[in-house]
Amino acid sequence: MGRSLAIDRRRLLALAASGVLASASGRGDTPAGARVAVAYDAPGRAIDPEFLGLSYESALVAAADYFTPENWSLLGFIRALGARGVIRIGGNTSERTVWSLNEIELAGRFVITPARIDRLAEAMRTIGWRLIYGLNLADNTPERAAEEAAYVAQAIGNQLLAFQIGNEPDGFGRWSGVRPASYDVTGFLIEWKKFHAAIRARVPDARFAGPDVAAETDWIAPFADTKPENLVLLTRHYYAAGPASDPGVTLPKLLGSAAQIEPVLRKLENFSRTYRLPYRIAETNSVYAGGRPGVSDTLGAALWGVELMFQIATAGAAGVNFHAGPDKVYTPIAGEAAPHRAQPLYYGMLLFAQAARGALVTTRLQSDLNLAGFAARGNNGSLRVCLINKDARAARVSLDPGRRFAAAFAMRLAGPSLESAAGLTLGGTAVDAYGRWAPGAAEMLEFERGHVRVDLPGASAALVRMEKP
């Protein structure tokens, strides 16, 4: 850890006035020293332009007023994350969907009709993102799934990235109980192949993603070994904690959970190389079963989410889809109807969208605090470094960019405290009800012997942008 340095009174007052001091507990404390070194000239890892994504329940497609071209609030929030991205439709409610050519009501079912798909297609054209569309494997026939797939393919067109057959099939014999307890990957593959064949008979050029498992990473190899036609993407889910009803799920545990996804990512990275297929974390969030209040809806969860996105990108994934929806505590975009509102996790996604441009390069961090640092080298020689402080204590970071730069500027993600569910800003401003966001003037940072000095309050993140001389 670097030597602790005291913030001078003038700079402390300036930081307080600008609102970047994120935690009352951090005000007046001597910041802890930290060092971040960037391997600027190291080989970089490109970030997929469709990396960012959102995941939604199939029930919201069956609803009449959510995925519609008139819902400018929702569509504005999505588009503000970038011109390219991926929407994934599926989730637990996909097990109870019914495809029908006519509007009907069935108790306990979510009826999806051509009219609903047409509305979804219009919404997708408005945002310009691509779609992973989930089909019901749990309680369906291959023929009905193929009929639905044919209509979806026609309506969505070239924005259709892939079909997903089934949601979390490794839970069919366990928590969802839609198959006997003996259900395993062999049983899944027998069913999956029948659905795959029926869909290809109706849509010969259909592309597929899978196996969309919740936790059984070892199902991926047997699935990929079958070499199904037009398999274009390997998918898995990830949640840091859960269930939401567990009182042992706390914000400090979430903030200390970064290491637990690393073995999963190493396996997925190996599968990707072995089968020469990209992989995606197609559903993720903080706490499964909808999220836990005071954990999933906080500034702390936003900081956790920023780090998670960088971890996944560093491991070479094609992208990540945060599960969302109006009934979820952890949703990035809240509200059952317009106007919607940005939740803390949305600010984390927006920060990542500003930071992850170009190719990721290695960083080395020295600190006793709960800090993380990631760097992206731009095609024009610029450098963006995202510093994430998940600690309540402030840090003074000495940032070595790995080469000489003429100037450095910071944009900050801040809020009252790690536990805050409101009052967040990015670049000094909040996101409005239609996803509109205009950051304030960037803060100029000081250089000390070629290193950038970044004062990083507790419970905050900073995007440091550096341009060539």
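A brief look at the structure comes next. (Residues numbered from 1 in each chain as written. Predicted model: local features only at pLDDT ≥ 70, side-chain atom pairs only at ≥ 80, totals over all residues. Heavy atoms only, no water.)

1. Some points on unusual backbone geometry
As a rule of thumb, non-glycine residues mostly have phi less than zero, and peptide bonds are mostly trans rather than cis.
Inference 1: Each neighbour pair has its own omega, and for Gly210 with Pro211 the value is 5°, a cis peptide bond.
Inference 2: Inspection of the secondary structure assignment puts Pro211 in strand S9 (residues 208-213).
Inference 3: Following Ala338, the chain continues to Pro339 via a peptide bond in cis, the omega torsion being 0°.
Inference 4: In this fold, Pro339 is placed in the loop between strand S13 (333-334) and strand S14 (341-342).
Inference 5: Positive phi is not limited to glycine here, since Arg276 has a value of about 55°.
Inference 6: The residue Arg276 is located in the loop between helix H9 (262-275) and strand S11 (279-287) in this model. (Helix = DSSP H or I, 4+ residues; strand = E, 2+ residues; numbered from the N terminus.)

2. Considering the sheet that holds strand S24 (residues 451-456)
Inference 1: Spatially, 5 strands are ordered S16-S1-S19-S24-S23 in an open sheet, and the strand pairing comes out mixed. Each edge of the open sheet is held by one strand with a lone partner, namely strand S16 (363-366) and strand S23 (446-448). Neighbour to neighbour, the strand axes of the sheet diverge by 30° on average, direction disregarded.
Inference 2: In the sheet, strand S1 (residues 32-38) pairs with strand S19 (residues 395-400) via 6 bridges, with the strands oriented parallel. Directly across from Arg35, in S19, lies its bridge partner Ser398. (Pairing = 2+ DSSP bridges. Axes fitted to C-alpha atoms, helices over the stretch in contact; angles between N-to-C directions.)

3. Some thoughts on helix H5 (residues 142-156)
Owing to its 3.6 residues per turn, the α-helix aligns residues three or four sequence positions apart on the same side.
Inference 1: Counted at 1.5 Å a residue, the expected span for H5 with its 15 residues is 21 Å, and the 21 Å between its end C-alpha atoms agrees.
Inference 2: When H5 is considered as a whole, its buried residues turn out to be Pro142, Ala145, Ala146, Glu148, Ala149, Ala150, Val152, Ala153, Ala155 and Ile156.
Inference 3: Packed against the buried residues of H5 are strand S5 (97-99), strand S6 (110-112), helix H4 (114-127), strand S7 (130-135), strand S8 (160-165) and helix H6 (185-202).
Inference 4: The positive-phi residue at the C-terminal boundary of H5 is Gly157, with phi of around 65°. (Expected span 1.5 Å × (residues − 1). Buried < 20%, exposed > 50% of the residue type's maximum accessible area, 1.4 Å probe, protein only. Contact = heavy atoms within 4.5 Å.)

4. Structural notes on the packing of aromatic side chains
Inference 1: Under the counting rule described, the total for this entry stands at 20 aromatic pairs.
Inference 2: When the centroid spacing of 6.4 Å and the interplanar angle of 40° are considered together, the rings of Phe271 and Tyr275 count as tilted. Of the two residues, Phe271 and Tyr275 are both situated in helix H9; the distance of 4 residues between them amounts to about one turn of the helix.
Inference 3: The partly exposed category is assigned to Tyr275, whose relative accessible area is 22%.
Inference 4: In this structure an aromatic cluster arises from ring pairing among Tyr133, Phe163, Phe188, Trp192, Phe208, Trp219 and Phe223.
Inference 5: A cation over a ring is seen here: Arg179 above Tyr183, with NZ or CZ 5.8 Å from the ring centre.
Inference 6: For Arg403, the ring lying beneath its charged end belongs to Phe405, and the centroid distance is 5.5 Å. (Phe/Tyr/Trp six-rings, centres within 6.5 Å; stacked < 30°, edge-to-face > 60°. Lys NZ or Arg CZ within 6 Å of the ring centre and 35° of its normal.)

5. Some details on the pairing of strand S25 (residues 460-467)
Inference 1: For S25, the tally of buried residues reaches 6 of 8 residues, placing the bulk of the element in the interior.
Inference 2: Pairing between strand S18 (residues 383-389) and S25: 7 bridges, direction antiparallel. Opposite Asn389, over in S25, you have Ser460 as the bridge partner.
Inference 3: Across 7 bridges, strand S20 (residues 407-414) lies against S25 in antiparallel orientation. Each residue of the ladder has a partner; that of Ala408, found in S25, is Met466.

6. Points about the pattern of salt bridges
Inference 1: Per the stated rule, a full pass over the model turns up 24 salt bridges.
Inference 2: Close ionic contact of Lys267 with Asp218 constitutes a salt bridge, the shortest N to O distance being 3.1 Å. Here Asp218 lies in the loop between S9 and helix H7 (220-225) and Lys267 lies in helix H9, a separation of 49 residues in the sequence.
Inference 3: Look at Lys267 and you get partly exposed, because its relative accessible area is 37%.
Inference 4: The class for Asp218 is partly exposed, based on a relative accessible area of 48%. (Salt bridge = Lys/Arg side-chain N within 4 Å of Asp/Glu carboxyl O.)

7. Regarding the nonpolar core
It is characteristic of soluble globular proteins that their nonpolar side chains tend to be buried jointly.
Inference 1: In terms of nonpolar packing, the biggest core is built from 123 residues, with Leu54, Tyr56, Ile87, Tyr133 and Phe163 touching the most fellow members.
Inference 2: What Ile87 contacts, discounting residues up to four positions off in sequence, is Leu54, Tyr56, Ile78, Met124, Ile127, Trp129, Arg130, Leu131, Ile132 and Asn321.
Inference 3: The next biggest cluster of nonpolar side chains, apart from the first, holds 25 residues, and it includes Ala34, Leu383, Phe405 and Leu445. (Core = buried A, V, L, I, M, F, W, Y, C linked by side-chain atoms within 4.5 Å.)

8. Side note on the packing of helix H10 (residues 299-314) against helix H11 (residues 344-355)
Inference 1: Where H10 meets H11, the closest approach of the two axes is 7 Å, and the angle between their N-to-C directions is 35°. When the axes of H10 and H11 are compared, the crossing they make is right-handed. Contact with H10, carried on its side by Leu299, Ala301, Ala302, Gly305, Val306, Met309, Phe310 and Ala313, involves Pro344, Leu345, Gly348, Met349, Leu351, Phe352 and Ala355 of H11 and no other residues of that element.
Inference 2: Of the residues belonging to the contact of H10 with H11, the class tally is 13 nonpolar, 2 polar and no charged. (Left-handed = near helix turned anticlockwise from the far one by under 90°. Nonpolar A, V, L, I, M, F, W, Y, C, P; charged D, E, K, R; others polar.)

9. Observations regarding the sheet that holds strand S4 (residues 86-90)
Inference 1: The 8 strands are arranged S3-S4-S7-S8-S9-S10-S11-S12 in a closed barrel whose pairing can be described as parallel. Strand-to-strand twist of the sheet, defined as the mean angle between neighbouring strand axes without regard to direction, takes the value 25°.
Inference 2: In the sheet, S7 pairs with S8 via 5 bridges, with the strands oriented parallel. Following the sheet pairing, Ile132 is matched in S8 by Ala162.
Inference 3: With respect to the sheet, H10 is in contact with strand S3 (52-57), strand S10 (231-241), S11 and strand S12 (319-323), its orientation differing from that of S12 by roughly 150°.
Inference 4: Here H11 sits on the sheet and contacts S3, S11 and S12; the angle it forms with S3, its principal contact strand, is near 150°.

10. Remarks on the environment of Leu137
Inference 1: You can see Leu137 is positioned in the loop between S7 and H5.
Inference 2: Residue classification places Leu137 among the buried residues on the basis of a relative accessible area of 2%.
Inference 3: Taking the C-alpha atoms as reference points, Leu137 and Leu371, 234 residues apart in sequence, are found 42 Å from one another.
Inference 4: Residues contacting Leu137, with those up to four places away along its chain left out, are Ile165, Gly166, Phe172, Arg179, Phe188, Glu191 and Phe195.

11. A short note on the pairing of S9
Successive residues of a regular strand alternate their side chains across the two faces of the sheet.
Inference 1: With 6 of 6 residues buried, S9 is to be regarded as a mostly interior element.
Inference 2: Bridging between S8 and S9 involves 2 bridges; their strand directions are parallel. Residue Phe163 lies in a different strand from S9, and its bridge partner there is Phe208.
Inference 3: Of the crossover connections in this fold, the one passing from S8 over H6 to the parallel S9 is right-handed. (Right-handed = clockwise from strand over helix to strand, strands pointing away.)

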